[in-house]
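Single-letter residue listing:
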Amino acid sequence: MDIALTENDLAFPGVLTPQMVVKGVDIPSKAVVCFFAEVIESIAGQGRARVLSILRSEHGEHPVYEIERGGERLAVFHPGVGAPLAALFLEEAIALGCSEFVAVGGAGALTDQLGMGHVMVVDSAVRDEGTSFHYLAPGRVVDADPDGVTVLQQVLTEAGIDHVTGRSWTTDALYRETRSRVSRRVEEGCLTVDMEASAFCAVAQYRGVRFAQLLYAGDSLAADWEHRGWTKAGSVREQLFWLAADACLRLEPQLST
């Protein structure tokens, strides 16, 4: 079937570019892409962050903060939810001047092996969303940056955090995660389901920036849906944020080709 997502225009620039929307600022090259709004709000509320820029969409504003970790500067921002918005804000953060990213967020577990708060380093993602097809040639799976995977594994291991490394299923349709589709994703090795990972990887590859992502199991689709306190695991979420920050500081810049 000939569908629009199979069209390949990768050799052509977009009519609209991120540089038309945001202007570069004095910003750290390293940025944590954090889905935990309450963690960001807590850090900002303690006076530990200053606003560098504002990412804007129709639903509101997403500040880009600067924080300090181990004497080094880090940018922090919330990317919104869903592949299109998250990819848009990642693009704009790149245009601002960031070039090494670690994302941290929650996901749905697809196997009972992942308990509440269990952490996964994303090494690949099934592209069951539309955004990635505008950044990479049509394909089923996108691989994560292996160096980013290694850095996250090292940081989590050193911190004594039990974790796995595996594939996530990225989908646009939260309420269309059917049992048959879940089963097919498990058969091809997916351990979690999320809404952004494959798009993040695609944007990072297209723009030539470093990107790594860790997820924690906040609910489960392994059997009947089980909600396990998605937004209430505050200590887990804050700990993962700081581990993501530590990993981000270790990411080496992408070598120019």
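Right above here is the structure, for reference.
Within each chain, residues carry numbers counting from 1 in the order of the written sequence. Given that the model is predicted, a residue must reach a pLDDT of at least 70 before its local features are reported, and side-chain atom pairs must reach 80 or more before they are shown or counted; all residues, however, enter totals for whole chains, interfaces and linings. Processing note: side-chain calculations cover all non-hydrogen atoms of the structure and skip hydrogens and water entirely.

### Focus: the packing of aromatic side chains
Item 1. Planes of paired rings set the category: under 30 degrees apart is stacked, over 60 is edge-to-face and the rest tilted, where pairs are Phe, Tyr or Trp rings (Trp by its six-membered ring) whose centres lie within 6.5 Å. What the rule picks out here adds up to five aromatic pairs.
Item 2. Measuring from ring centre to ring centre gives 5.5 Å for Tyr-135 and Tyr-206, while their planes differ by 85°; the resulting arrangement is edge-to-face. With Tyr-135 in the loop between strand E6 (119-128) and strand E7 (141-143) and Tyr-206 in helix H5 (residues 197-207), the pair connects residues that are 71 residues apart, well separated along the chain.
Item 3. Exposure remark for Tyr-135: the relative accessible area of 15% places this residue in the buried category.
Item 4. The rule is simple: take the accessible area with a 1.4 Å probe, protein chains only, and divide by the maximum for that residue type; under 20% is buried, over 50% is exposed, in between is partly exposed. Judged by relative accessible area, which is 31%, Tyr-206 ranks as partly exposed.
Item 5. When the ring of Phe-241 is compared with that of Trp-242, the centres are 4.9 Å apart and the planes differ by 80°; the resulting orientation is edge-to-face.
Item 6. Taken together, the aromatic side chains of Phe-35, Phe-200 and Phe-211 make up a single cluster linked through ring pairs.
Item 7. Just above the ring of Phe-133 sits the side chain of Arg-127; from NZ or CZ to the centre is 4.2 Å. A run of H or I in DSSP counts as a helix once it spans at least four residues, and a run of E counts as a strand once it spans at least two, with each numbered from the N terminus. Remark: a charge is flagged as sitting over a ring if the NZ atom of Lys or the CZ atom of Arg is within 6 Å of the ring centre and within 35 degrees of the ring normal.

### Notes on H5
Item 1. Among the eleven residues of H5, eight are classified as buried, and the element is accordingly described as predominantly covered.
Item 2. With its phi angle positive at about 70°, Gly-208 sits one or two positions after the end of H5.

### Focus: the nonpolar core
Item 1. Grouped together as the largest cluster of nonpolar side chains are 72 residues, with contacts concentrated most on Val-32, Phe-77, Phe-101 and Phe-241.
Item 2. Not counting chain neighbours up to four residues away, the residues in contact with Val-32 comprise Leu-74, Ala-75, Val-76, Phe-77, Val-102, Val-104, Phe-241, Ala-244, Ala-245 and Cys-248.
Item 3. If you look at the next biggest cluster of nonpolar residues, it comprises seven residues, including Val-126, Trp-169, Val-182 and Leu-221. To form a nonpolar core, buried Ala, Val, Leu, Ile, Met, Phe, Trp, Tyr and Cys residues must be joined to one another through side-chain atoms within 4.5 Å. What makes two residues a contact is simply this: any of their non-hydrogen atoms within 4.5 Å.

### A word on the side chain of Glu-196
Item 1. Structurally, the position occupied by Glu-196 is in the loop between strand E9 (190-194) and H5.
Item 2. Charged residues are defined narrowly, with Lys and Arg counted positive, Asp and Glu counted negative, and His plus the chain ends left uncounted. For salt bridges, the criterion is a side-chain nitrogen of Lys or Arg within 4 Å of an Asp or Glu carboxyl oxygen. For Glu-196, which is buried and forms no salt bridge, the nearest opposite charge comes from Arg-237, at a distance of 12 Å.
Item 3. Dropping the residues within four chain positions of it, Glu-196 is found in contact with Phe-35, Val-81, Gly-82, Ala-83, Ala-86 and Thr-170.

### Points about the pairing of strand E8 (residues 163-171)
Item 1. Of the pairings in the sheet, the one linking E6 to E8 comprises nine bridges and is parallel in character. Bridge pairing links Arg-127 to Thr-170 in E8.
Item 2. Where E8 and E9 come together, four bridges link them in parallel fashion. Among the inter-strand pairings, Thr-170 is bridged to a residue of E9, identified as Asp-194. What makes two strands pair is DSSP finding at least two bridges between them.

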